[in-house]
Amino acid sequence: MLKHNLRSKLFYNVLAPVYDHIILSTGYRAHLRRFVQGVELPTKELHVLDAGCGTGLVTFALLDKYENIKITAFDYSKDMLMAAEKFQEKENYSNVEFYLGDIESVNPLKNFNGEMKFLEEESFDYIFVSGALEYVDMEKGIRELAKYLKKDGVLINIAVRNNLCGKLIGKLMGFKPYTKEQLLNAFKEAKLAEIREVPIVEKRARLCKMAVSGKKLF
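Calculation rules
Residues numbered from 1 in each chain as written. Predicted model: local features only at pLDDT ≥ 70, side-chain atom pairs only at ≥ 80, totals over all residues. Heavy atoms only, no water. Helix = DSSP H or I, 4+ residues; strand = E, 2+ residues; numbered from the N terminus. Buried < 20%, exposed > 50% of the residue type's maximum accessible area, 1.4 Å probe, protein only. Contact = heavy atoms within 4.5 Å. Areas by Shrake-Rupley, 256 points an atom, 1.4 Å probe, with all protein chains shown as cover. 1 Å grid on protein atoms, 1.4 Å probe; cavity = no way out; pocket = protein on both sides within 12 Å on 5 of 7 lines; lining within 4 Å. Points joined across faces, edges and corners; volume = space filled by probe spheres on them. Nonpolar A, V, L, I, M, F, W, Y, C, P; charged D, E, K, R; others polar. Disulfide = S-S within 2.5 Å. Salt bridge = Lys/Arg side-chain N within 4 Å of Asp/Glu carboxyl O. Core = buried A, V, L, I, M, F, W, Y, C linked by side-chain atoms within 4.5 Å.

Asks: So what exactly am I meant to see when it comes to the overall build of the protein here?
Replies: When helices and strands are counted, the protein shows 8 helices and 9 strands. In the protein, which comprises 218 residues, the proportion classed as buried is 50%. The long-range fraction of contacts in the protein, counting pairs at least 24 apart against all pairs at least 6 apart in sequence, stands at 72%. Looking at the protein as shown, the accessible area adds up to about 11400 Å², and 54% of this sits on carbon and sulfur atoms.

Below is the structure:
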């Protein structure tokens, strides 16, 4: 898995400068943005973790909709994070901090200066993951992330479907998608409850994407 992570990291480091242009041209950013903003969150102050954040698509979609929200975001690729921080500075986004980190072993996170940040367990109201668990041991990743949910906190994973569309994307991007059954079982093994598939309304996005959520009850 380490070799696979390294290969993926190098791939995305190369892709980072043009990544947002690619997803903009394909409409993926707009689809993801509409889905994320369609997930109704409580209006109270929230602490959100964006795991495997890439260039910050989920983070910025959330910040555009919710004022009382604080986001910690991390990714394995430094170049993708640099693109996210560049966009953050350009658009003057606040309430978000970006770090280097690994979904399979979150602590410690590191900033670009090498300074470490340790996340407290049970400290996040929501954790979002989009297209990142496909690059790691999915079961291990979900177990790891679940540790950082507060009681009644929710983990939402936006995954690539294990169908022809998803497999073609996986071949291009260097990952193998998981089945819906594997994903649901991983949520159960992580002791999450109220597990459900979150509907993706847009037909085009639904061809290759699915979303699953689970709540930490204790």
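Picking up where we left off.
Asks: Mind showing me how you'd approach empty space enclosed by the protein here?
Replies: Here the idea is plain: a probe the size of a water molecule rolls over the atoms and shows the empty space left. A full pass over the atoms with the stated rule returns 2 cavities of 30 Å³ or more. By volume, the largest cavity is sized at about 70 Å³. For the lining of the largest cavity, the element with the highest residue contribution is helix H2 (residues 28-38), accounting for 4 residues. Along the lines of polarity and charge, the residues of the lining of the largest cavity split into 6 nonpolar, 1 polar and 1 charged. When its volume is computed, the second largest cavity comes out at roughly 50 Å³. Around the second largest cavity, the lining residues are Leu133, Glu134, Met138, Asn157, Ala159, Val160, Tyr178, Thr179, Leu183 and Met210.

Asks: Is there a simple way to think about the state of the cysteines in this case?
Replies: Disulfides are covalent bonds that connect the sulfur atoms of two cysteines. Under the defined criterion, the tally for this structure stands at 1 disulfide. Each sulfur in the disulfide pair Cys165 and Cys208 lies 1.4 Å from the other. The S-S bond linking Cys165 to Cys208 shows a torsion near 55°; that makes this disulfide right-handed. Placement of the pair is Cys165 in helix H6 (residues 164-173) and Cys208 in the loop between helix H8 (203-206) and strand S9 (209-215), with a sequence separation of 43 residues. With relative accessibility at 14%, the residue Cys208 sits in the buried group.

Asks: For this particular structure, what's the right way to read the pattern of salt bridges?
Replies: As a working rule, side chains carrying opposite charge can pair if their charged atoms are close by. Counting across every chain of the model gives 10 salt bridges. The partner of Arg33 in a salt bridge is Asp64, with the nearest N and O atoms 2.6 Å apart. With Arg33 in helix H2 and Asp64 in helix H3 (residues 57-65), this residue pair connects regions lying 31 residues apart in the sequence. Residue class for Asp64 comes out partly exposed when judged on its relative accessible area of 38%. Here the salt bridges share partners, and the residues they tie into one network are Arg161, Lys180 and Glu197.

Asks: Mind showing me how you'd approach the nonpolar core here?
Replies: Considering soluble globular proteins, one finds that nonpolar side chains tend to be buried as a cluster. Ranked by size, the top nonpolar core spans 32 residues in total, and within it Leu41, Leu62 and Ile69 carry the most contacts. Breaking this core down by element, the ones donating at least two residues are H2, strand S1 (46-51), H3, strand S2 (69-75), helix H4 (78-91), strand S3 (96-102), strand S6 (124-130) and strand S7 (149-160). Looking at which element gives the most residues to this core, the answer is H3, with 6 residues. Setting aside chain neighbours within four positions, we find Leu41 in contact with Leu46, Leu62, Tyr66, Ile69, Tyr126 and Phe128.

Asks: Would you take a moment to explain the environment of Tyr28 for this structure?
Replies: Relative to the helices and strands, Tyr28 resides in helix H2. Along the primary structure Tyr28 and Leu57 are separated by 29 residues, whereas in three dimensions their C-alpha atoms are 9.9 Å apart.

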